[in-house]
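Here are the chains, one letter per residue:
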Amino acid sequence: MTFNGILQIALLFTALLFLIKPVGIYLYRVYETPSPFPLFNRLEGKLLSWCCFKSEDQNWKAYLKSLLIFNIMGIVILFCIQRFQHFLPLNPESFQAVPWALALNTAVSFVTNTNWQAYSGELTMSYFTQMVGLTWQNFVSAGTGMAAFLAFARGLSRHASSSQDILLGNFWVDLLRSVFYVFLPGAFIMALLFISQGVIQNFSPTLEITTLEGGRELISMGPVASQEAIKILGTNGGGFFGANSAHPFENPTPFTNFLQMLSMILIPGALTYTYGKMIQSQKQGWSIFITMVILSLMGILVVYYFESQPNPLLHGLGLDQTSGNLEGKEVRFGILGSALFANLTTDTSCGATNCLHDSFTPLGGLVLLLNILIGELVFGGVGVGLFNMLLFILISVFMAGLMVGRTPEYLGKKIEGKEVRFAILSIAIYPLIILVGAAISVLSPSALASLQNGGPHGFSEILYAYTSAVHNNGSAFGGLNANTSWYNLSLALAMFVGRFFPIYLGLSIAGLMVNKKIIQPNTGTFPTQGALFIGLLIGVILIVGALTFFPVLAIGPFIEYINLWQGRSF
Amino acid sequence: MAKFSDHFMREALWNTFRRLDPRYLKKHPVMFVVLLGASLTTLIAIRDFFYPPLLHEPLWFTASVSVWFWLTLLFSNASEAFAEGKGKAHASSLKALAQEMIAHRIVNHGIEEMVPASDLRRDDVIKVIAGEFIPSDGEIIEGIGAIDESAITGESAPVIRESDSDRSTVTAGTKLISNQLLIRIISNPGESFLDKMISLVQAAKRQKTPNEIALQVLLVGLTIIFLIVCATLVPFGLYLNCKLSLTVIVSLLVCLIPTTIGGLVSAIGISGIERALRKNILAMSGKAVETAGDIDVLLLDKTGTITLGNRMPVEFIPFKGVDMKEFSRAIEFSSVADRTPEGRSILEFIEKNYGRSVSEKDTEALTFIPFSAETRLSGCEGPSLSVRKGACDAIQSLILAKKGKIPPEFSKVMEKISLTGGTPLAVSMNGKLLGIIHLKDIIKPGIQERFHRLRKMGIHTVMITGDNPLTASTIAKEAGVDNFLAEATPEKKLNFIKAQQAKGYLVAMTGDGTNDAPALAQADLGIAMNSGTQAAKEAANMVDLDSNPTKILEVIEIGKQLLMTRGCLTTFSIANDVAKYFAIIPAIFLLSIPEFEALNIMNLSSPYSSILATVIFNALIMVMLIPLAFRGVKYRPRGAKSLLAHALLIYGVGGIFSPFIGIKLLDMLLLNLGLT
């Protein structure tokens, strides 16, 4: 750990701190005003009517229905594009149809904003598939995440003035505005910045060059910058190349690395401010933001510390290990640039990687795994991160309410049996899928055959795959060949359920909460802001995460760590 | 007062065992899982007794683990059964009084028949004469009588009950000590308030409150999570070439699921109702008690609640030229035969300050004029004496009618008294205004502190009074209430409550009169005084047997305690799991993977002893918390933040660390017993 490293962490969070208010206000204007940009207002209406969508407000069921229809259609279309890419244009390398299990996995993966990639893009997907299929989904899956959050937050913040159903907004309008006013302009600016730093953007076929030694080398080309921008901004994480953000054409300089890290957490962070405006309590918005920052910093410091340590197995080989565990990391980013990126990509459900998580020290890898396991709510994915956080807030407030002797309430609305049921279900579904998925995999010889490593490390690799899928992160620990029928299909199921089941539960809660009577707070009401609330929320998140995953983290990364110091590796 | 009789003790003990029945435990999902675990390990132990154990697990280990599982279940059942027994014993001691009594039922045309009290039905009319017990709850339709309610309230002074008033109901088990009453029975056998109360403390019959249901859902959710965690450990163990026995996995499961709160939650609910009962509060539902903890606004009647029932003189103010002696003698004449509370307190005041000067001989020739609502005057009339005392304007018009003179300071004194919240009474003798008596509402001693406590709890107090706003505001200020509703009518009260509710406040109200009934029904929590009318009691969701309106404070505390006890024990239960993991996870893997020794931070002696120690700790902690479940977590009126910080420190942080100590101690004990 160096002073320079700490300074870089401070710089990143300072930049974030200055940006979230303006971006938060912009987002509020986009979503919560009837016509954010009068110029485009008519265009918005026309577009909706062309697509035969009504722009009226919807109740939670109608909202959920639109969301599900749109996303399932997305899966079908993306699946077809991959299966028929050899008949479609922009295929200079003449790639064949993607095998069906992989195509299904990839379709679900990009629709659910996971961007788990069981393939290498440059060897499997045509430019058409990448641009029309995948990049399109990068935009709309991010938009879906925003929409889910908006509906949930409206359910909590809107007040029932009469007995009629209060509505949660319109999915199509929210989606349209996300794409046109948030992600397109944002990605456009980002893409230009990336190109200025050397990220490529072309339709050339693969370049064949002769190196100085006379060897032949193939260099993949393509429209990278445009996909790179939305990959990061929409916390998608699916790279153009298999090497993802470690590839010099995706992430060439320390500046692009900084830019990518900042834009990963920018929208999820700024949404806390937007949320504060929606519930008319900026203090509560800030409290959530501070909770995220503290949890994130805790992880960053631990990982940074462990990655700065030398590897005991390489002791006595005469290697200079003063700069730490550089195995699997790009030298242009260094320990800090890799540790920080790895933390933020697991905090947010982005999943882009600029280094191999597989090569992290055992306890560094444990933190990355834990970052995802605690629920992708430290910043989290665009929209869904705060969405998950709100579910945890409901549980925390429920416990706090009981402990102060008042029927638990959040934003003046009582939390009763049904809300608790949906909230706890949305927390229980993750361990169910992760643990059951991993349990079946370790019992099946064919699933175990995908592993490069055995023992605790192999276990971590399988655990990471299901964790990454169900929480829609999409980063891979590596070391696991996930392009088999079992992993393609089981992970596709994990991604689908992990994405849409919590959205269903959250919107049900929104539907219940929106019609509730508002109760005035008094001095006996526990305030959902301030240091005590932040402490409580952090405590609940860590305790729930720790209690659920203590055994698997112990038999995976922890035992590997003990072994490492006893001179064994796997 | 409640003696924990042997009968209920035996019943509770029997219930403790009887409720191991899976059909009963189904209602407690967490304990149901323990039951399954206990049955399973018992079967394994029986099998191991006859055949060599699988995985070389010692029989003593399997057997002791299953014994402790059964004990865990019994401890949980006992907490519920004994809480129930306590409540039943208390309610029955109140009820027993009314049993086996003979009532005189009026059949028709005044014919009486003797029937046992248990045969009385709603709308029967009975006669009760002095010295008899009231056989059933009823409403007086004829007569007035003094009633000894000490059997119920513990208060020895008799109270007056009277037909056609706001104090017309009588409770079963109380004793009439004067006169004779005709009473209409208001409840069928088994439907009285006490019967309802008894059903609330019966575990099998009682309805779960909304908060309890929500907590149950949370506990079931956690249980499901831990089920998944434990079940998947078996395949993970196989991957690492480590065969895990069923006994060990079940032990981990039982220790992780929230048994502490899951086993005590029923006892906590019953104890809350029982505590209310001990304070002589009859709640119509468990929900009513919980609602009390959420109250924001409290409406209290001025008379009898904030002030003593009657006004007292504080000063005699004679006009210029009137001698104090003469004035006090005139007042005495006017009050000798005055039966109103004010009249009596005026006489007391004279005796204390000036000495009585009117003898019986003086009053022989006088005729007395009683106070009436029309004239608003009282006094006496004799051959040479005519004294009147009454409302200032009534006296004034009397004087003016007789062409008398009104002294110049009259209106000034009157105004001054009104401004301070007092009531002026003018006194005239033989057509001459002598002076004014300053009557004042006396604030009940200690009431300010109660309002102070309510304010600290965050409860806004509102005084309801028929007085004018000026008087009301003075008394409100003096008593320390936050707000007042002056010149209150039944409609005004009702509208006030509705307006508060529309703003999102939960409103509680105490009342006793029939005209309070609509407001009591509208309020989120209506507490009727036992002395009040039947209509008021039916509209309310609680009845206070002591008829002490400030008892709402205790009711609110009981409601809050109920929630806090559940919340704190849940937090404690979950926090305990951290240490349990550190005890059990290394133990179950240690035999195949020696590296797990690094996680054995408590340095426990052997895998079997550490698992057994954890199982024993899990059972014993429940026993240790039973008194807390019965008593409730102490509530202090202070802000939510401070309450939460305190609870998190004790039950959260304490819950994380205490099992480390407990398990280590138990492990050392097992080591000394040679069980490792």
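Residues numbered from 1 in each chain as written. Chains lettered and ligands numbered in written order. Predicted model: local features only at pLDDT ≥ 70, side-chain atom pairs only at ≥ 80, totals over all residues. Heavy atoms only, no water.

Let us look at the overall build of chain A. Within chain A, the secondary structure is distributed over 18 helices and 4 strands. Expected size for 570 residues packed as a compact globule is a radius of gyration near 25 Å; at 23 Å, chain A falls within 12% of this value. Overall size of chain A, expressed as C-alpha extent along the three principal axes, is 80 × 55 × 45 Å. Relative to all contacts within chain A whose residues are 6 or more apart in sequence, the contacts with residues 24 or more apart total 77%. Surface summary for chain A: the accessible area is close to 20,000 Å², and the carbon and sulfur share equals 67%. Positive and negative side-chain charges of chain A, numbering 26 and 25 respectively, have mean locations separated by a distance of 17 Å. (Helix = DSSP H or I, 4+ residues; strand = E, 2+ residues; numbered from the N terminus. Rg over C-alpha atoms; globule rule 2.2 N^0.38 Å. Contact = heavy atoms within 4.5 Å. Areas by Shrake-Rupley, 256 points an atom, 1.4 Å probe, with all protein chains shown as cover. Lys, Arg positive; Asp, Glu negative; His and termini not counted. Charge placed at Lys NZ, Arg CZ, Asp CG, Glu CD.)

Let us now look at the overall build of chain B. Within chain B, the secondary structure is distributed over 23 helices and 22 strands. Over its C-alpha trace chain B gives a radius of gyration of 34 Å, far above what one expects of a compact globule, namely 26 Å for 676 residues. Across its three principal directions, the C-alpha atoms of chain B cover 115 × 60 × 45 Å. Here chain B holds 676 residues, and the buried ones make up 57% of them. Here chain B displays about 27,700 Å² of accessible surface, and carbon together with sulfur accounts for 60% of that area. In chain B, which carries 69 positive and 66 negative side-chain charges, the distance between the mean positions of the two groups comes to 4 Å. (Buried < 20%, exposed > 50% of the residue type's maximum accessible area, 1.4 Å probe, protein only.)

Let us now look at the side chain of Lys413 of chain A. Residues and elements named next belong to chain A. Its place among the elements puts Lys413 in strand β4 (residues 413-414). Buried and unpaired, Lys413 has Glu419 as its nearest opposite-charge partner, separated by 10.0 Å. Here the side chain of Lys413 touches Gly155 through a polar contact of 3.1 Å, landing on its backbone oxygen. Those residues in contact with Lys413 that lie beyond four places of it in its chain are Gly155, Leu156, Arg158, Pro408, Met513, Val514, Lys516, Lys517 and Ile518. (Salt bridge = Lys/Arg side-chain N within 4 Å of Asp/Glu carboxyl O. Polar contact = N/O pair within 3.5 Å; in protein donor to acceptor, adjacent residues only side chain to side chain.)

What follows concerns the sheet that holds strand β3 (residues 125-129) of chain B. Residues and elements named next belong to chain B. A sheet is described by the order of its strands in space; here 6 strands give the open sequence β2-β1-β3-β9-β4-β7, paired in antiparallel fashion. Two strands close off the open sheet at either side, each with one partner strand: β2 (112-116) and β7 (169-170). One ladder, built from 2 bridges, connects strand β4 (residues 138-142) with β7; its direction is antiparallel. What sits directly across from Gly138, in β7, is Val170. (Pairing = 2+ DSSP bridges.)

Moving on, we get to the interface of chain A and chain B. Put simply, an interface is often sized by how much accessible area is lost when its parts join up. Listed by partner, the interface residues are 61 residues for chain A and 59 residues for chain B. Taken together, the two surfaces of chain A and chain B that pack against each other cover about 5,000 Å², and 77% of this comes from carbon and sulfur. The largest contributions to the chain A side of the interface with chain B come from Met403, Leu547 and Phe550 of chain A, which together make up 15% of the buried area. Taken together, the links from chain A to chain B amount to 1 salt bridge. A salt bridge links Asp296 of chain B to Arg406 of chain A; the shortest N-O distance between them is 3.2 Å. At the junction of chain A with chain B, the criterion picks out 11 residue pairs in polar contact (both at pLDDT 80 or more). The set of elements that each furnish at least two residues to the side of chain A that touches chain B consists of α13 (384-403), α14 (417-443), α16 (455-470) and α18 (530-565) of chain A. The dominant element in the side of chain A that touches chain B, judged by the number of residues it contributes, is α18 of chain A, at 15 residues. Looking at the side of chain A that touches chain B residue by residue, the classes come out as 41 nonpolar, 15 polar and 5 charged. (Buried area = accessible area lost by both parts, 1.4 Å probe. Nonpolar A, V, L, I, M, F, W, Y, C, P; charged D, E, K, R; others polar.)

Glancing now at the nonpolar core. In terms of nonpolar packing, the biggest core is built from 321 residues, with Phe183, Tyr275 and Tyr410 of chain A together with Ile585, Ile588, Phe589 and Phe596 of chain B touching the most fellow members. Residue contributions to this core peak at 23 residues, all from helix α21 (residues 552-590) of chain B. When residues no more than four places from it in sequence are discounted, the contact partners of Tyr410 of chain A are Leu156, Tyr275, Gln284, Leu390, Ile393, Leu394, Val397, Ile415, Met513 and Thr528 of chain A. Counting residues in hydrophobic clusters, the runner-up holds 34 residues, among them Ile317, Phe319, Ala330 and Val387 of chain B. (Core = buried A, V, L, I, M, F, W, Y, C linked by side-chain atoms within 4.5 Å.)

The next thing to look at is the confidence of the model for chain B. Keep in mind that low pLDDT regions are not for reading the predicted coordinates in detail. Looking at chain B as a whole, its pLDDT mean stands at 86, while 96% of the residues score no less than 70. Interface predicted TM-score (ipTM) for the complex: 0.93; the corresponding pTM is 0.87. (pLDDT = per-residue confidence, 0-100.)

Bringing the pattern of salt bridges into the picture now. This structure, assessed with the given rule, holds 38 salt bridges over all chains. Of the charged contacts in the structure, one is a salt bridge between Arg356 of chain B and Glu332 of chain B, with a shortest N-O distance of 2.8 Å. On the criterion of sequence distance, the pair formed by Arg356 of chain B in the loop between α12 (341-353) and α13 (360-363) and Glu332 of chain B in helix α11 (residues 324-335) is long-range, its members being 24 residues apart. What makes Arg356 of chain B partly exposed here is its relative accessible area of 42%. Residues participating in the shared-partner salt-bridge network are Glu32, Arg154 and Asp174 of chain A.

All names here are of chain B. Over its 20 residues, helix α9 (residues 259-278) extends 28 Å from the first C-alpha to the last, a length consistent with the 28 Å expected when each residue adds 1.5 Å. Of all 20 residues making up α9, 19 are buried, and the element is well covered by its neighbours. Phi for Asn280, located one or two positions after α9, is positive at around 65°. (Expected span 1.5 Å × (residues − 1).)

Let us now look at the packing of helix α12 (residues 362-373) of chain A against α18 of chain A. Residues and elements named next belong to chain A. It is the contact of α12 with α18, at a shortest axis distance of 9 Å, that shows an interaxial angle of 165°. In terms of axis orientation, α12 runs roughly antiparallel to α18. Considering how the two elements wind past one another, α12 and α18 form a crossing that is right-handed. Each of Pro362, Leu363, Leu366, Leu369, Leu370 and Leu373 in α12 lies in contact with α18, whose residues at this interface are Phe549, Leu553, Pro557, Phe558, Glu560, Tyr561 and Leu564. Taken together, the residues of the contact of α12 with α18 break down into 12 nonpolar, no polar and 1 charged. (Axes fitted to C-alpha atoms, helices over the stretch in contact; angles between N-to-C directions. Parallel < 35°, antiparallel > 145°, perpendicular 65-115°, else oblique. Left-handed = near helix turned anticlockwise from the far one by under 90°.)

So, on to the pairing of β3 of chain B. Residue and element names in this part refer to chain B. One ladder, built from 2 bridges, connects strand β1 (residues 102-106) with β3; its direction is antiparallel. Residue pairing across strands places Arg105 opposite Ile126, the latter belonging to β3. Note: β3 against strand β9 (residues 180-185), 5 bridges, orientation antiparallel. Looking at β9, one finds that Lys127 is bridged to Leu182.

All names here are of chain B. Taken together, 7 strands build an open sheet; the order of strands is β10-β22-β21-β20-β11-β18-β19 and the sheet is mixed. Of all the strands in the sheet, just β10 (281-283) and β19 (483-485) have a single pairing partner and so form its edges. Strand-to-strand twist in this sheet, taken as the mean axis angle between neighbours without regard to direction, amounts to 20°. Where strand β18 (residues 460-464) meets β19, 3 bridges bridge the pair, whose relative direction is parallel. Bridge pairing in β19 places Ile464 opposite Leu485. Its contacts with the sheet put helix α18 (residues 490-502) on β11 (297-301), β18, β19 and β20 (507-511), and the angle it makes with β20 is roughly 160°.

Below, the discussion takes up the pairing of strand β21 (residues 525-529) of chain B. All names here are of chain B. Among the 5 residues that make up β21, 5 are buried, leaving the element largely enclosed by the rest of the structure. Burial along β21 is two-sided: the residues Leu525, Ile527 and Met529 and Gly526 and Ala528 are all buried. Note that β20 and β21 share 4 bridges and pair parallel. Each bridged residue has a counterpart across the sheet, and for Met509 the counterpart in β21 is Gly526.

Moving on: the packing of aromatic side chains. Between two aromatic rings, the relevant description is the distance of the centres plus the angle of the planes. Residue and element names in this part refer to chain A. In total, this model carries 40 aromatic pairs over all chains according to the counting rule given. Their ring planes at 50° and their centres at 6.3 Å tell us that Tyr127 and Phe203 sit as a pair that is tilted. Of the two residues, Tyr127 is situated in helix α6 (residues 127-157) and Phe203 in the loop between α7 (171-196) and β1 (207-210); the sequence distance between them amounts to 76 residues. Judged by centre distance (5.1 Å) and plane angle (75°), the rings of Tyr305 and Phe306 are edge-to-face. (Phe/Tyr/Trp six-rings, centres within 6.5 Å; stacked < 30°, edge-to-face > 60°.)

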